[in-house]
Amino acid sequence: MINAIERYKQLRRRVEKDCEALSKLHADNIVCAAGCCDCCTNLSVFPVEFYSLLETLKANNQTKLHFDESLPCGFLKDSLCSIYQSRPLICMSHGIPIVFLNDEFEELEYSVSFCEKNFTNTDLDAMKFNGNNTLNIDELNSELSQINCDFVDECKEKGLEMPERIELRRLLDFL
Ligand code: SF4
Ligand code: SF4
């Protein structure tokens, strides 16, 4: 059986493809572009994601990271993500319409959410969001969470305790 880090990388490749396809599908309604970073904020991630991103950064010899404490996400540089190729999964979904089970109603209902800068000139009823034109964030989170549980178990077997989440900025401490 392949280890949890490899499974995370497989998931990452799949999400990247799905997000690319959804961006193309909604190209007329998505205005995300280099230089727009209002959705960026300092994040914490699961340990499996943290160590996988760390591994990728090291493999790419990206060992001197930029971090600016004064910005909403310290990895922003000139309004661009300085770790774009190694950004977390959640950052890949920026701007894409995501579907999730909403528990704000009496009964669980599916809701769709997207950045308010996108889909501004669209008749949302006519858009007919469905499972084929959105990213199911619950499914993604549940798969990621399972892979992380397995990673935490693998670490335990090696005598290493993992925290629940790790701030992304701590990448700087390990490079
Ligand atoms: S890691 Fe990059 S894409 Fe994600 S919030 Fe920070 S700057 Fe934005
Ligand atoms: S999701 Fe919104 S804030 Fe983020 S890049 Fe796209 S348009 Fe800009």
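Keep in mind the model is a prediction, meaning the values are calculated, not measured.

1. Comments concerning the overall build of the chain
Phase 1 of the analysis: Regarding its fold elements, the chain presents six helices and seven strands.
Phase 2 of the analysis: For the chain, the sequential pattern of α-helices and β-strands runs α-β-α-β-β-α-β-β-α-β-α-β-α.
Phase 3 of the analysis: Expected size for 175 residues packed as a compact globule is a radius of gyration near 16 Å; at 17 Å, the chain falls within 12% of this value.
Phase 4 of the analysis: By its C-alpha atoms, the chain is 55 × 40 × 30 Å across when sized along the principal axes.

2. Quick look at the pairing of strand β4 (residues 98-102)
Phase 1 of the analysis: Bridging between β4 and strand β5 (residues 109-113) involves five bridges; their strand directions are antiparallel. The residue of β5 that forms the bridge with F100 is S111.
Phase 2 of the analysis: Where β4 lies against strand β6 (residues 135-136), two bridges are found, and the strand directions are parallel. The partner of V99 across the bridge, within β6, is N136.

3. Describing the sheet that holds β6
Note: strands within a sheet are paired through backbone hydrogen bonds, in either parallel or antiparallel orientation.
Phase 1 of the analysis: Spatial strand order, β5-β4-β6: three strands in an open sheet with mixed pairing. Two strands lie at the open edges of the sheet, namely β5 and β6, each paired on one side alone.

4. Comments concerning the site of ligand 2
Phase 1 of the analysis: The environment of ligand 2 is formed by V31, C32, C36, D38, C39, H94, G95, C115, K117 and N118.
Phase 2 of the analysis: Here the residues of the shell around ligand 2 are counted per class, giving five nonpolar, three polar and two charged.

5. Here we look at helix α2 (residues 47-59)
Phase 1 of the analysis: Counted at 1.5 Å a residue, the expected span for α2 with its 13 residues is 18 Å, and the 18 Å between its end C-alpha atoms agrees.
Phase 2 of the analysis: Lining the buried residues of α2 we find α1 (4-25), β1 (44-45), α3 (89-92), α5 (137-157), β7 (166-167) and α6 (171-174).
Phase 3 of the analysis: Downstream of α2 by one or two residues, N61 has phi in the positive range, about 55°.

6. Notes on the environment of Y84
Phase 1 of the analysis: Looking at where Y84 falls in the secondary structure, it is placed in the loop between β3 (80-81) and α3.
Phase 2 of the analysis: Put simply, Y84 and V45 are 39 residues apart on the chain and 16 Å apart in space, counted from C-alpha to C-alpha.

What counts, and at which threshold
- Residues numbered from 1 in each chain as written.
- Chains lettered and ligands numbered in written order.
- Predicted model: local features only at pLDDT ≥ 70, side-chain atom pairs only at ≥ 80, totals over all residues.
- Helix = DSSP H or I, 4+ residues; strand = E, 2+ residues; numbered from the N terminus.
- Rg over C-alpha atoms; globule rule 2.2 N^0.38 Å.
- Pairing = 2+ DSSP bridges.
- Near = placed C-beta within 6 Å.
- Nonpolar A, V, L, I, M, F, W, Y, C, P; charged D, E, K, R; others polar.
- Expected span 1.5 Å × (residues − 1).
- Contact = placed C-beta atoms within 7 Å.

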